[in-house]
Amino acid sequence: MSPVQKRIFINKLALIFSTLSAIIALAFLFWILGVLVMKGLSALNWNIFIYEGAPPGYEESGLKHALVGQLILVGMATGVGVPLGILAGTYLSEYGKNSKLANTIRDISDIMMSAPSIVIGAFVYAIVVLPMGHFSAWAGSIALGIIMIPIILRTTDDMLQLVPGTLREAAFALGAPKYKVILNVVYRGAKAGILTGVLLGVARVAGETAPLLFTSFNDNFFTTDLSQAMPSLTVTMFNYATSPYEDWQQLGWAAAFILSMFILGLNILGRLILLSTKKGK
Amino acid sequence: MASIIDIKGECALHVRNFDFTYKGATAPSLKKISMPIAKNSITALIGPSGCGKTTLLRSFNRMHDLYPGNKYEGEILFDGRNILDPKEDLIHLRTRIGMIFQKPTAFPMSIYDNVAYGLRLKGIKNKSELDGRVEKALQDAAIWKETQDRLKHDANGLSGGQQQRLCIARAIAVEPEVLLFDEPTSALDPISTQGIEKLVIELKEKVSIIIVTHNMQQAARVSDYTGFMYLGDLIELGYTEELFVTPKEKLTQEYITGKFG
Amino acid sequence: MIDKLFQNLTRISAFLILLIVAWIFVVLFNQSTEAMQTFGLDFLTKDEWAPNVDKFGAYAAIFGSVASTFLAMLLSIPIAIGVAIFLSEIAHPKIKGFFGVSVELLAAIPSVIYGMWGLFYFVPILRDLTGGMGIGLLAAGIVLAIMILPFMAAVTRDAMNTTPDILKESAYALGGTQWDVIKDVIIPYAKAGIIGSLILALGRAIGETMAVTFVMGNVHKVPTSILSPTTSIPVTLANEFTEADTSLYFSSLFGLALTLLIMSFVVIAVAKFYFLRKARRA
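Reading guide: rules and limits
Residues numbered from 1 in each chain as written. Chains lettered and ligands numbered in written order. Predicted model: local features only at pLDDT ≥ 70, side-chain atom pairs only at ≥ 80, totals over all residues. Heavy atoms only, no water. Helix = DSSP H or I, 4+ residues; strand = E, 2+ residues; numbered from the N terminus. Areas by Shrake-Rupley, 256 points an atom, 1.4 Å probe, with all protein chains shown as cover. Lys, Arg positive; Asp, Glu negative; His and termini not counted. Charge placed at Lys NZ, Arg CZ, Asp CG, Glu CD. Expected span 1.5 Å × (residues − 1). Bend = angle between axes of the 7 residues up to and from the residue. Buried < 20%, exposed > 50% of the residue type's maximum accessible area, 1.4 Å probe, protein only. Pairing = 2+ DSSP bridges. Polar contact = N/O pair within 3.5 Å; in protein donor to acceptor, adjacent residues only side chain to side chain. Contact = heavy atoms within 4.5 Å. Axes fitted to C-alpha atoms, helices over the stretch in contact; angles between N-to-C directions. Salt bridge = Lys/Arg side-chain N within 4 Å of Asp/Glu carboxyl O. Buried area = accessible area lost by both parts, 1.4 Å probe. Parallel < 35°, antiparallel > 145°, perpendicular 65-115°, else oblique. Left-handed = near helix turned anticlockwise from the far one by under 90°. Nonpolar A, V, L, I, M, F, W, Y, C, P; charged D, E, K, R; others polar. Core = buried A, V, L, I, M, F, W, Y, C linked by side-chain atoms within 4.5 Å. Domains from an automatic or database assignment.

Quick look at the overall build of chain C now. For chain C, the helix and strand inventory stands at eleven helices and two strands. Shown N-terminal to C-terminal, the secondary structure of chain C runs as helices and strands in the order α-α-β-β-α-α-α-α-α-α-α-α-α. Entry remark: accessible area of chain C is about 10900 Å², with carbon and sulfur atoms responsible for 67%. If you average the places of the 18 positive and of the 18 negative side-chain charges in chain C, the two averages end up 10 Å apart.

Put into structure tokens, the structure is as follows:
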């Protein structure tokens, strides 16, 4: 074999290997996705949305408690995490800029974004659950909120920096004070990007289980009492899946399916928003 | 109708009725191009941006094949064969027709390894042969003096002009028959530009050169033949001194007198 | 007036993140002092974890975390690089878009679902293939590898995509094959970014709870074989936090949390500040 033929041969081999690894990876991932869809769809019925949790073996058992609990927990986390994240991102992009302090905050929040979420749960347990003496929805949403802040902060920072400086200057030239420039011009320019960041942030925390295990804990019944333990889809899924009862496991798959669709929906929506604004320009 | 001169000497390449269509485009970007490329001479391609001069240049070494979906029609003859043939051995073709890009493209490796890269691809492993050919290429590219004591240093430590010479050394090390230059000085300062131009002129003793440039003075300074392209057509190909003084086509005249572009 | 108010509001929010991080460290540290005072360094080096006699050594959990993460990296790195090469260099543009987006979407699927799949579908297969329980270090490593794969492939592909087209074209122009270009130009060019991305994935894997809790076994023993059930820090926390009944038990769990936080902090910081920063500068 000439050296060139040898290279061509190795090239083919390498390309086959990497195509093969792509196929292996996708096979596993589609296997998981397939299981999720098949199991989830077959377990899905109206009872799930009508009834709350019940002991194993009961016909009339559902996930209403967990669905509502999940919405409350994620909703409250969003209510805390989004404004704080956006304000902090605003500080970095509009006031801190490239100062040492701003860069330190960026670095720390980058690390926070990948920090183990179960540790956040332990932290919130110590500062909220211990003093209160019991698990609560408050604790769960604080944990989720803490996870959310760095995500929103970084996307806001990035998106605001994309707004051209000339736009700010033009607004300043009209005599607008800085906060008005930010609120009326900069935010408007970065609207789509921030919205996408928020959607992705919500999607990210909605799938978190670990930080809820010992903050909002779980409950098999419907509740809206924020000072008590609150069920969530993720923890319910965990408990049902590890239980020995087949009907509970079924419900666990249903919960997994609903949650995944919600999260994928948010991700796709976020991408579409970003895509449509890119096309607009 | 285009005005194309006949070349008296030997030709390196012959373009015949060449159409090129980018992926997804409805109309071809190059339309019925026919032109000879003289051997051991410099042919410059000029024209306003978007005229297709770079597209034509990148057809000679089939660079467009890296992006699927592009379409060639017609012929480009090289050594009696049509290099647009789908069965053409592109690896072999590209070692015979080298290319220099708009920006210096030093690979993330040492100066020596950059120049030796193409040789190694050809299968040359012998250390002393590599050493000899690397030195010769660096000398021919007029950069030996600056690099001989730091051959093992990262090539990205060189200045822009030096890097471009290094890329030329890398291209000539494999002894190609044709060299394609795609606006080789557009990222360089005037002094480096002067050096590269001088080098290009020296190189034509060994290789046939096609150079795309947006700078008419550069074409006038270095080339023997100049082709003027406009909107995908080759309008005129002539001796450089004639084309810039007494163009045969009205469009050429308007362009070189600065009426557009 | 309002201008100053708004500025301060944003500044306080930004400082809040620093405050929270510092607070997390302080709280975890305080909560774990009892365990640290009782056991000293033995906490990290002893593997006896016996709540009934109030003895707590984290070594098995630390070992399990490191071993499962190592195994996951070993399995996922070659595949992830293969997928990244496929996505950035080989796939037809149409496939590229479709596969690229599906990989990114798969990275968003909650990790608890990977764990459920592992428990119900993968562990039985592993049990049939290897004998034994199926649950254990190997199962955890594989499930973790699959979970981390989409993220890893996506970030590795992004790192590879930073290679300028013109640089790749120059290598093709010298007669290089696709693989020549990948190994001689793209990988050396994007090296820092690729390594950074892989380490970042490692940082995520080491703190991952839900994908492994189902399949690891929660047995506080240093595994004797790759098939033995064992535990990791997040698995121990997930299983035992609500069961702890003595203050020393609690304190030890907080000690585990602190250990995990420091481990992942270091890993992520190395990825971000050394490799990824170098990649951005290049």
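One turn of an α-helix holds 3.6 residues; hence residues three or four places apart share an orientation. Residue and element names in this part refer to chain C. Helix length check: helix α6 (residues 137-160), at 24 residues, gives a terminal C-alpha distance of 32 Å against a target of 34 Å (1.5 Å per residue), a fit within 8%. In the structure, α6 departs most strongly from a straight axis at L149, where the bend amounts to approximately 40° and where the proline P150 lies between one and four residues downstream. Here α6 lies mainly inside the structure; 23 of its 24 residues are buried.

The next thing to look at is the pairing of strand β7 (residues 97-100) of chain B. Residues and elements named next belong to chain B. Of the two faces of β7, the one lined by I97 and M99 and the one lined by G98 and I100 are each fully buried. As defined by bridge partners, β7 adjoins strand β8 (residues 178-182) across four bridges and the pair is classed as parallel. In the sheet register, G98 faces β8, and the bridge partner there is L179.

Residue and element names in this part refer to chain A. Relative to the elements of secondary structure, R168 occurs in helix α7 (residues 165-173). Taking the relative accessible area as the measure of exposure, R168 reaches 15% and is therefore buried. Of the polar contacts made by the side chain of R168, one reaches the backbone oxygen of V163; its length is 3.1 Å. The residues touching R168, leaving out its near neighbours within four places in the chain, are S93, E94, L160, V163, V181 and V186.

All right, on to the sheet that holds strand β1 (residues 3-4) of chain B then. All names here are of chain B. Taken in spatial order, the seven strands of this open sheet run β1-β11-β10-β4-β9-β8-β7, and their pairing is mixed. With partners counted over all chains shown, the strands left at the sheet margins are β1 and β7, one partner each. Contacts between helix α7 (residues 190-203) and the sheet are confined to β4 (42-46), β8 and β9 (208-212), with β8 contributing the most and set at about 160° to the helix.

Ordered by their spatial adjacency, four strands build an open sheet running β3-β2-β5-β6 (chain B), and the pairing between neighbours is antiparallel. If you trace the sheet from one side to the other, it starts and ends with β3 (30-38) and β6 (81-82) of chain B, each paired once.

What follows is about the pattern of salt bridges. This structure, assessed with the given rule, holds 33 salt bridges over all chains. Between K204 of chain B and D224 of chain B there is a salt bridge; the shortest N-O distance is 3.0 Å. With K204 of chain B in the loop between α7 and β9 and D224 of chain B in the loop between α8 (216-222) and β10 (225-230), this residue pair connects regions lying 20 residues apart in the sequence. Salt bridges linked by common partners bring R106, D110, R154, D157 and D158 of chain A together as one network.

Attention now goes to the interface of chain C and chain A. The interface is formed by 79 residues belonging to chain C together with 82 residues belonging to chain A. When chain C packs against chain A, close to 7200 Å² is buried across both sides, 83% of that on carbon and sulfur atoms. By the criterion of area lost to chain A, the three top residues of chain C are F6, I17 and W117 of chain C, representing 9% of everything that side buries. Counting across the interface, chain C meets chain A through three salt bridges. E104 of chain C is paired through a salt bridge with R271 of chain A; the nearest N and O atoms lie 2.7 Å apart. Run the count over chain C and chain A and you get seven residue pairs in polar contact (both at pLDDT 80 or more). With 20 residues, helix α1 (residues 2-39) of chain C is the largest single contributor of residues to the side of chain C that touches chain A.

Here we come to the packing of helix α6 (residues 160-173) of chain B against α7 of chain B. Helix packing for two helices is described by the angle between their axes and how far apart those axes are. Residues and elements named next belong to chain B. Running from N to C, α6 and α7 point in directions that differ by 15°, and their axes come no closer than 9 Å. Taken together, the axis directions place α6 and α7 in an arrangement best described as roughly parallel. Between α6 and α7 lies a crossing whose hand is right-handed. Between α6 and α7, the contacting residues are G161, Q164, R165, I168 and I172 on the first element and S192, G195, I196, L199 and L203 on the second. Of the residues in the contact of α6 with α7, the class split is five nonpolar, four polar and one charged.

This paragraph deals with the nonpolar core. Within soluble globular proteins, side chains that are nonpolar tend to cluster in buried spots. By size, the foremost hydrophobic cluster in this structure holds 238 residues, and its most contacted members are F18 of chain B together with Y114 of chain C. Looking at this core element by element, the count peaks at 19 residues for α6 of chain C. There are two domains that each give this core at least three residues, and those are domain 1 (3-43) and domain 2 (50-280) of chain A. Here F18 of chain B is in contact with L30, K31, K32, I33, L56, S59, Y72, E73, G74, E75, I76 and L84 of chain B, once residues within four sequence places are set aside. In this structure, I172, I209, I211 and F228 of chain B belong to the second largest nonpolar core, which totals 44 residues.

Bringing the interface of chain B and chain C into the picture now. Facing 25 residues of chain B, the contacting portion of chain C comprises 19 residues. With both sides pooled, the region where chain B packs onto chain C buries about 1800 Å², and carbon together with sulfur makes up 71% of that total. At the junction of chain B with chain C, the criterion picks out one salt bridge. Residue E169 of chain C is joined to R58 of chain B by a salt bridge in which the shortest nitrogen-to-oxygen separation is 2.8 Å. At the boundary of chain B and chain C, one finds five residue pairs in polar contact (both at pLDDT 80 or more). Only α2 (90-96), β7, α3 (111-121) and α6 of chain B provide two or more residues apiece to the side of chain B that touches chain C.

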